Amino acid sequence: MKPKPVSSAGARRTTISDVANALGMAKGTVSRALNGYSDISEGTRLRVQNMARQMDYRPLSHAQAIRTGRVRSLGLVLQTGEYDGHSPMLADFLAGIAHEVGTQGWTLTVGAATTMQDTLATLKSLSEERKADGFIIPRTYTNDPRVDLLRRLEIPFVLYGRTQDPQDCAWYDIHGGEAMSDAVARLVSFGHRRIAFINGGVEYYYSRLRLAGYYAGLDQEGMTRESALLRQGAVTEEQGEAAALELLQQDSPPTAIICAVDRAALGVFRALRRFGLTAGQEVSVIGYDGIAEGAFARPPLTTFAVDTYKAGNRLAHLLIARLLGSPVEGLRETDVAALVARDSDGPAKVTSEELAVILRQNSTQNT
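This structure is a prediction, so every number in the text was calculated from the model and none was measured.

Undergrad: It is not clear to me how the overall build of the chain should be interpreted in this structure. Could you clarify?
TA: On a plain count of helices and strands, the chain comes out with 14 helices and twelve strands. In terms of overall dimensions, the chain has a C-alpha envelope of 85 × 45 × 40 Å along the principal axes. Sorting the 367 residues of the chain into buried and exposed places 52% on the buried side. Pairs at least 24 residues apart make up 71% of the contacts formed inside the chain by residues separated by at least 6 positions. Counting only carbon and sulfur atoms, one obtains 51% of the accessible surface of the chain, whose full area is about 16700 Å².

Set out below in structure tokens:
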């Protein structure tokens, strides 16, 4: 028979003893199961969680904090001043975190900041005010001040990405470099021989990995690395457009362009339209991220998509595990991005020499 909730309007709240009695377990066992102790089996933990949910058991947060030293809350500070601080993908990311913390009986505390200085201050205040036990750190920098702060304060954290110094770091990351290598191989199979790369912001660690992946792809295909085919620091459409214009106005322009982020790739579309060209026809374009705008671009953007819901879910899982005492070295996960083949890339239809002629002709006609 399904147990009836003890707590309701005007009635006393359900206690941990009520849950223990309903299960025929010791109160200590139920308490340890609800608090995620590793000496409790997964089966027992699930039984206890299910019964607690059925009986509407809700622990008193202040009492729990006194007993365990934890408030059972994860922290996340969003830096809204970044180039995609309001991205629709953020909703999926937060939904993934929320599902995991809800399943495990934790909560999520979200803060917002506009600058790195504000972010550091918010991280510190959320910790000092006991509003979060640890933090998820999104989009990591090569040298990340947030990591330095949390290390110094001895506050647990997990990274979405990696950083230059892996000491004391747990993370969930996507093999963006591998995606860039795959993009090169795909374009070479289409017959392209001059393949450019527009990288993201050099301060981000992912840019280092994606550039290495691009170079590895060239090496694997027996192609020469050329500095003339590389542009750095493009994370917006405007920056992507500017980088593409520089590449296209060379004497030997690329017939294919890979972008470290989708927004830069959409900027390449804009640059091509200036010359009356279309991505996927005279010049192939491949992006990375899988933003929604790419699917509705003209033509739809070929990209490597990232499951941001899963990323949020796994980051929450890893941080809770770290807070419950799991060794940090075992809390490092990586995943792959999925190729979404659309219409912005395809077989090479012109050589670099032929493209240069077309670009000069179209440039003259547009002046």
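Undergrad: Explanation requested: the packing of aromatic side chains in the structure shown.
TA: To describe a pair of aromatic rings, you give the distance between the ring centres and the angle between the ring planes. Under the criterion given, the structure shown has six aromatic pairs. Consider the rings of F197 and Y214, whose centres lie 4.9 Å apart with planes at 20°: the pair is stacked. Of this pair, F197 sits in strand 6 (residues 195-198) while Y214 sits in helix 9 (residues 205-220), and the two are 17 residues apart along the sequence. You'll find F197 and Y214 in the same group, each marked buried. Measuring from ring centre to ring centre gives 5.6 Å for Y214 and Y215, while their planes differ by 35°; the resulting arrangement is tilted. Accessibility classification places Y214 together with Y215 in one group, the buried group. Among the aromatic residues, those joined into a ring-pair cluster are F93, Y160 and Y172. It is R139 that lies over the ring of Y204; its NZ or CZ is 5.7 Å from the centre. It is R322 that lies over the ring of F157; its NZ or CZ is 5.0 Å from the centre.

Undergrad: I'm lost on the pattern of salt bridges in this one. Help?
TA: If charged atoms from side chains of opposite charge come close, those side chains can pair. Summed over all chains, the structure comprises 17 salt bridges. Of the charged contacts in the structure, one is a salt bridge between D219 and R225, with a shortest N-O distance of 2.6 Å. A salt bridge links R270 to E237; the nearest nitrogen and oxygen atoms lie 3.1 Å apart. Of this pair, R270 sits in helix 11 (residues 262-274) while E237 is found in helix 10 (residues 237-248), placing the two residues 33 residues apart along the sequence. Residue class for R270 comes out partly exposed when judged on its relative accessible area of 25%.

Undergrad: Honestly, the side chain of T140 in this entry has me stumped. Any pointers?
TA: In this fold, T140 is placed in the loop between strand 3 (134-137) and helix 7 (145-153). By relative accessible area, which is 3% here, T140 ends up buried. There is a polar contact of 2.5 Å between the side chain of T140 and the backbone oxygen of R162. Sequence-distant contacts of T140, defined by excluding residues within four places in its chain, comprise R146, L159, Y160, G161, R162, Y204 and Y205.

Undergrad: What exactly am I supposed to notice about the confidence of the model for the chain here?
TA: Caution applies to low-pLDDT parts of the model: their predicted coordinates are not meant to be read in detail. For the chain, the average pLDDT comes to 91, and 91% of its residues sit at 70 or higher. Counting contacts from residues 4-10, a segment whose pLDDT is below 50, to residues more than four positions away or on other chains yields 15 contacts. Confidence drops under a pLDDT of 50 for residues 61-68, and excluding neighbours within four residues, the segment shows eleven contacts in the predicted structure.

Undergrad: For this particular structure, what's the right way to read helix 9?
TA: Every α-helix carries 3.6 residues per turn, so stepping three or four residues along brings you back to the same face. Taking 1.5 Å of rise per residue, the 16 residues of helix 9 would be expected to cover 22 Å, and the 23 Å separating its terminal C-alpha atoms lies within 8% of that figure. For helix 9, every residue scored as buried is listed here: Y205, Y206, S207, R210, L211, G213, Y214, Y215, G217 and L218. Buried-residue contacts for helix 9 involve helix 8 (176-189), strand 6, strand 7 (230-231), strand 8 (256-259) and strand 9 (284-289).

Quick notes on the rules
Residues numbered from 1 in each chain as written. Predicted model: local features only at pLDDT ≥ 70, side-chain atom pairs only at ≥ 80, totals over all residues. Heavy atoms only, no water. Helix = DSSP H or I, 4+ residues; strand = E, 2+ residues; numbered from the N terminus. Buried < 20%, exposed > 50% of the residue type's maximum accessible area, 1.4 Å probe, protein only. Contact = heavy atoms within 4.5 Å. Areas by Shrake-Rupley, 256 points an atom, 1.4 Å probe, with all protein chains shown as cover. Phe/Tyr/Trp six-rings, centres within 6.5 Å; stacked < 30°, edge-to-face > 60°. Lys NZ or Arg CZ within 6 Å of the ring centre and 35° of its normal. Salt bridge = Lys/Arg side-chain N within 4 Å of Asp/Glu carboxyl O. Polar contact = N/O pair within 3.5 Å; in protein donor to acceptor, adjacent residues only side chain to side chain. pLDDT = per-residue confidence, 0-100. Expected span 1.5 Å × (residues − 1).

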